[in-house]
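Single-letter residue listing:
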Amino acid sequence: MSVRVRRVYDPVEPEDGVRVLVDRLWPRGLAKDAARVDEWPKALTPSTELRRWYHTGEGSYEEFAERYEAELAAEEAAEALDGVRGLVGKGDVTLLTASKTPERSHATVLVRLLEG
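Residues numbered from 1 in each chain as written. Predicted model: local features only at pLDDT ≥ 70, side-chain atom pairs only at ≥ 80, totals over all residues. Heavy atoms only, no water.

- Looking at an unreviewed UniProt entry, one finds the chain named DUF488 domain-containing protein and attributed to Streptomyces massasporeus.

Here it is, written out as structure tokens:
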């Protein structure tokens with residue numbers, strides 16, 4: 001069982017397992033049937049305020065990750081995270097994001113929490 005991060009625009013691969021979109025907004029220019037998303041837990045995504053703050057370049061990735069983890073402690077987000085943990089317990093899971101730099105996005109924070 002593994003968790004990995006891929007861009008939602010990448011082609012579907014057999015080893016993707018359950019495909020979970022972890023972005024709040026649907027990716028631009030991508031048809032829903034082409035994305036083959038199995039789950040879309042919007043409660044798991046960073047708040048609009050946090051996302052905007054991070055994209056303005058005001059803070060570091062490390063500070064963003066701390067703030068995001070704090071948001072994940074909220075009841076609805078924690079339940080969504082537990083739901084994805086349940087999927088990981090059953091098999092491979094791929095977290096999908098439209099981010100151009102997935103390695104410096106909220107998706108990598110989620111991987112760390114899901115694997116830890």
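The discussion continues.
### What about the nonpolar core?
Right, on to step 1. Of all hydrophobic cores here, the largest spans 24 residues; its most connected members are V22, L44, F64, Y68, V84, L95 and L110.
Right, on to step 2. Among the secondary structure elements, those contributing two or more residues to this core are α2 (48–55), α3 (61–71), α4 (75–90), β3 (93–97) and α5 (106–115).
Right, on to step 3. Not counting residues within four places of it along the chain, the set of residues in contact with L44 comprises V22, Y68, L72, A77, A80, L81, V84 and L110.
Right, on to step 4. With 5 residues, the next largest nonpolar core counts V8, L21, L30 and L96 among its residues. (Core = buried A, V, L, I, M, F, W, Y, C linked by side-chain atoms within 4.5 Å. Buried < 20%, exposed > 50% of the residue type's maximum accessible area, 1.4 Å probe, protein only. Helix = DSSP H or I, 4+ residues; strand = E, 2+ residues; numbered from the N terminus. Contact = heavy atoms within 4.5 Å.)

### Observations regarding the packing of α4 against α5
Right, on to step 1. As a packed pair, α4 and α5 sit with axes 10 Å apart at the nearest point and diverge in direction by 65°. Classed by the angle they form, the pair α4 and α5 counts as roughly perpendicular. As for how α4 packs across α5, the hand of that crossing is right-handed. From α4, L81, V84 and R85 reach across to α5, where they touch L110, L113 and L114.
Right, on to step 2. Of the residues in the contact of α4 with α5, the class split is 5 nonpolar, no polar and 1 charged. (Axes fitted to C-alpha atoms, helices over the stretch in contact; angles between N-to-C directions. Parallel < 35°, antiparallel > 145°, perpendicular 65-115°, else oblique. Left-handed = near helix turned anticlockwise from the far one by under 90°. Nonpolar A, V, L, I, M, F, W, Y, C, P; charged D, E, K, R; others polar.)

### As for the pattern of salt bridges
Right, on to step 1. Taken as a whole, this structure holds 8 salt bridges when the rule is applied.
Right, on to step 2. The partner of R67 in a salt bridge is E63, and the shortest N-O contact between them spans 2.9 Å. Highlighted residues: R67 and E63, both in helix α3, separated by 4 residues, approximately one helical turn.
Right, on to step 3. Overall, E63 belongs to the partly exposed group, its relative accessible area being 30%.
Right, on to step 4. Put simply, D82 and R85 hold a salt bridge, and the shortest N to O gap is 2.9 Å. Placement of the pair is D82 and R85 together in helix α4, with a separation of 3 residues, close to one helical turn.
Right, on to step 5. Overall, D82 belongs to the partly exposed group, its relative accessible area being 46%.
Right, on to step 6. Residue R85 is classed as partly exposed on the basis of its relative accessible area of 35%.
Right, on to step 7. Look at the salt bridges and you will find they share partners, linking R4, R6, E13, D16 and R19 into a network. (Salt bridge = Lys/Arg side-chain N within 4 Å of Asp/Glu carboxyl O.)

### Here we look at the packing of aromatic side chains
Right, on to step 1. With the rule as written, the count across this model stands at 5 aromatic pairs.
Right, on to step 2. With a centroid separation of 5.2 Å and an interplanar angle of 70°, the aromatic rings of W26 and W40 are classed as edge-to-face. In this pair, W26 sits in the loop between β2 (18–21) and α1 (32–35) while W40 sits in the loop between α1 and α2, placing the two residues 14 residues apart along the sequence.
Right, on to step 3. Each ring, one from Y54 and one from Y61, has its centre 6.3 Å from the other, and the planes form 55°; the classification is tilted. Each member of the pair Y54 and Y61 is classed as buried.
Right, on to step 4. Following the ring pairs from residue to residue traces out a cluster consisting of Y54, Y61, F64 and Y68.
Right, on to step 5. Positioned over the ring face of W26 is K32, at 5.1 Å from the centre of the ring.
Right, on to step 6. Between the NZ or CZ atom of R67 and the centre of the ring of W53, over which it lies, the distance is 4.0 Å. (Phe/Tyr/Trp six-rings, centres within 6.5 Å; stacked < 30°, edge-to-face > 60°. Lys NZ or Arg CZ within 6 Å of the ring centre and 35° of its normal.)

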